Amino acid sequence: MPLNQPTRTLAANALSGLKVVEMGQLIAGPFAGKTLGEFGAEVIKIEAPDCGDPLRNWRMLKDGTSVWWQVQSRNKRSIALDLRVPEGQDIARRLIARADVLIENFRPGTLEGWGMGYDTLAPLNPRLVMLRISGYGQTGPYRDRPGFGAIGEAMGGLRHLTGEPGRMPVRCGISIGDTLAALHGTIGILTALYHCKVHGGPGQVIDVALNEAVFNVMESLLPEYSAFGAVREAAGSALPGIAPSNAYRCTDGYALVAGNGDSIFKRLMQCIGRPDLGNDPTLASNAGRIERVAEIDIAIAAWSTSRSVDEVLDRLARAGVPAGRVYTAKDIAEDPHYRAREMILQQTTRAGYPLDVPGIVPKLLGTPGSVRSAAPGLGDDTDAVLGEIGLTARDIAALRDKKVVA
């Protein structure tokens, strides 16, 4: 199926030859599988035969399938397998015995109940690296609680900081907790694989909790409480403790301005016609600016409110001050920089329609990764994958009659 790829010749994918079995569903586990797949790993996704991954039906559907699915599951092979029955569990164990990595994000204990805990799998495959993503981790008093990304964001400290002061905490609009957990899990997988290859170590479990993945990016939240008893609160569009960094109203929208570097602040004040503030020695460092942040914000807003976003951004760019507009999906799709950086790719889905999808991050200049195949239909690869582990057409037909596979 045609895929419009970057014009340069792609080198061999860095993870070519890596075999991954993905048992997760929805967001966290599958995002980790997606990332590995983009850099060349072979990802076999196991889905329930009756309905598949629920993400197939989340948000906006085209031709009966979520367009989100087309991004999350590209470069993957789908096998429809019932893990609740012994025959399905046996097949899964055979697949895992040949794999380098297993990804799962079920509630702790689920795989053990299916006879696929790490203690069972390790003797079959001593070098197996197993990523386990859950709400609260595989141990601890909250281990058995159900957990979603939104709860991880709340318990990780992020949700308390979002929104306007004194108002209801808001979410950022995407499942950021799941994605952070997936990225931490991907780092864990690559670290464990390096240990296996370079140090000759055995496989191991990577235990990622949603709340801990969020907590890990909370910067100085805990040290400030430990040292000063300070509980950081929501601050709207500002960045507490760093000034100036805020959103400022213009005649036709908002501009984000980050003038918090010492030399940048001087250039910003010169640009807005306030050299008095830029040359004020008490404002030469961030510590002084924080004491007068309200005054500084008022000065910037007084300048921006009479100008369009385009004018504000143009003048600040010429002054060497970081600034940007608040992008919508339309802005991203039409931005020439996104196109130049190959961050918008067009792929053809298996249903035959073209779709703009995000490009690949990070940019590896030698092995940049690729979109090699569109997201599969449910069970598209069942027969091929089962054949690779030695099952005959008759074996597969018998399993299909018993509804073990689809």
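Small disclaimer: the values here were computed from a predicted structure and weren't measured.

The rules behind the values
- Residues numbered from 1 in each chain as written.
- Predicted model: local features only at pLDDT ≥ 70, side-chain atom pairs only at ≥ 80, totals over all residues.
- Heavy atoms only, no water.
- Helix = DSSP H or I, 4+ residues; strand = E, 2+ residues; numbered from the N terminus.
- Buried < 20%, exposed > 50% of the residue type's maximum accessible area, 1.4 Å probe, protein only.
- Areas by Shrake-Rupley, 256 points an atom, 1.4 Å probe, with all protein chains shown as cover.
- Lys, Arg positive; Asp, Glu negative; His and termini not counted.
- Charge placed at Lys NZ, Arg CZ, Asp CG, Glu CD.
- Salt bridge = Lys/Arg side-chain N within 4 Å of Asp/Glu carboxyl O.
- Core = buried A, V, L, I, M, F, W, Y, C linked by side-chain atoms within 4.5 Å.
- Contact = heavy atoms within 4.5 Å.
- Expected span 1.5 Å × (residues − 1).
- Arc of directions from axis to C-beta.
- Axes fitted to C-alpha atoms, helices over the stretch in contact; angles between N-to-C directions.
- Parallel < 35°, antiparallel > 145°, perpendicular 65-115°, else oblique.
- Left-handed = near helix turned anticlockwise from the far one by under 90°.
- Nonpolar A, V, L, I, M, F, W, Y, C, P; charged D, E, K, R; others polar.
- Pairing = 2+ DSSP bridges.
- Phe/Tyr/Trp six-rings, centres within 6.5 Å; stacked < 30°, edge-to-face > 60°.
- Lys NZ or Arg CZ within 6 Å of the ring centre and 35° of its normal.
- pLDDT = per-residue confidence, 0-100.

Chemist: Please set out the overall build of the chain residue by residue, giving values where relevant.
Modeler: A tally of helices and strands in the chain yields 18 helices and 13 strands. C-alpha extents for the chain along the principal axes are approximately 85 × 50 × 40 Å. The buried share of the chain, reckoned over its 406 residues, is 45%. When the accessible surface of the chain is summed, it comes to about 20100 Å², and 57% of that surface belongs to carbon and sulfur atoms. Side-chain charges in the chain split into 44 positive and 44 negative, and the spacing between the mean points of these groups amounts to 3 Å.

Chemist: Just give me the short version of the pattern of salt bridges, but keep the residues and values in it.
Modeler: Pairing is possible between side chains that carry opposite charge, provided their charged atoms lie close to one another. Summed over all chains, the structure comprises 28 salt bridges. Residue E42 is joined to R77 by a salt bridge in which the shortest nitrogen-to-oxygen separation is 2.7 Å. Of this pair, E42 sits in strand β2 (residues 42–47) while R77 sits in strand β5 (residues 76–80), and the two are 35 residues apart along the sequence. For E42, a relative accessible area of 23% gives the class partly exposed. Note that E295 is salt-bridged to R292, the shortest N-O span being 2.9 Å. Taken together, the salt bridges that share partners define one network made up of K19, E42, R77 and E388.

Chemist: So what's going on with the nonpolar core? Residues and values would help.
Modeler: Counting 37 residues, the largest nonpolar core has V20, V101, I103, V129, L131 and I189 as the members making the most contacts within it. Those elements that provide at least two residues to this core are α1 (28–38), β6 (101–104), β7 (129–134), α7 (176–199), β8 (204–209), α8 (210–215) and β13 (354–358). By residue number, the principal contributor to this core is α7, which donates seven residues. Not counting residues up to four positions away in its chain, the partners in contact with I189 are L36, V101, I103, V129, L131 and I206. The next biggest cluster of nonpolar side chains, apart from the first, holds 30 residues, and it includes I44, L121, L391 and V404.

Chemist: Just give me the short version of helix α13 (residues 293–304), but keep the residues and values in it.
Modeler: The terminal C-alpha atoms of α13, which comprises 12 residues, lie 16 Å apart, in line with the 16 Å expected from a rise of 1.5 Å per residue. All buried positions along α13 are accounted for by I296, D297, A299, I300, W303 and S304. Looking straight down α13, one finds that the buried residues subtend no more than 160° of arc, so they occupy a single side. Away from the buried face of α13 by more than 90 degrees, exposed residues A294, I298 and A302 are located.

Chemist: Can you tell me about the packing of α1 against α7, naming the residues and giving the values?
Modeler: In contact at an axis separation of 8 Å, α1 and α7 are set at 50° when each is read in the N-to-C sense. Overall, the two elements α1 and α7 adopt an arrangement that is oblique. The way α1 lies across α7 gives a crossing that is right-handed. Each of A28, F31, A32, T35 and L36 in α1 lies in contact with α7, whose residues at this interface are D178, T179, A182, L183, T186, I189 and L190. Counted by class, the contact of α1 with α7 contains eight nonpolar, three polar and one charged residues.

Chemist: Can you tell me about the environment of A14, naming the residues and giving the values?
Modeler: Mapped onto the fold, A14 is located in the segment before β1 (19–22). When the C-alpha positions of A14 and G369 are compared, they lie 7.4 Å apart, and in sequence the two are 355 residues distant. In contact with A14, not counting residues within four places along its chain, are F39 and T367.

Chemist: Hey, could you go over the sheet that holds strand β9 (residues 245–250) for me, with residue numbers and the actual values?
Modeler: Ordered by their spatial adjacency, three strands build an open sheet running β9-β10-β11, and the pairing between neighbours is antiparallel. The sheet is open, and its two edges are formed by β9 and β11 (323–325), each paired on a single side. Between one strand and the next, the sheet's axes are offset by a mean angle of 25°, whatever the strand orientation. Alignment of strand β10 (residues 253–258) against β11, held across three bridges, turns out to be antiparallel. Looking at β11, one finds that V257 is bridged to A323. Across the face of the sheet, helix α14 (residues 309–319) comes into contact with β9, β10 and β11 while running at roughly 155° to β11.

Chemist: Could you give me a rundown of the packing of aromatic side chains, with the residues and numbers involved?
Modeler: A complete count under the given rule lists four aromatic pairs for this structure. With a centroid separation of 6.2 Å and 55° between ring planes, the pair formed by W58 and W68 is classed as tilted. Residue W58 is found in the loop between β2 and β3 (61–62), and its partner W68 is found in helix α2 (residues 67–72); the two are separated by 10 residues along the sequence. Since its relative accessible area comes to 31%, W58 is described here as partly exposed. We note K34 situated over the ring of F31; from NZ or CZ to the ring centre the distance is 4.7 Å. One Lys or Arg, K62, reaches over the ring of Y353 and ends 5.0 Å from the middle of that ring.

Chemist: Break down the pairing of strand β12 (residues 344–348) for me, with residues and values.
Modeler: The buried fraction of β12 amounts to four of the five residues, a majority that puts the element mostly inside the structure. Relative to β13, β12 runs antiparallel, the two being bridged by five bridges. Residue pairing for β13: I344 is matched across the bridge by P358. Here β12 folds back onto β13, and the loop between the two strands holds five residues, one of which, G352, carries a positive phi near 100°.

Chemist: Now, about the confidence of the model for the chain: what can you tell me, with residues and values included?
Modeler: A residue-level look at the chain finds 97% of positions with pLDDT of 70 or above and a mean pLDDT of 95. Overall, residues 1–9 carries pLDDT values under 50, and its contacts beyond four positions in sequence, including any with other chains, amount to 20 contacts.

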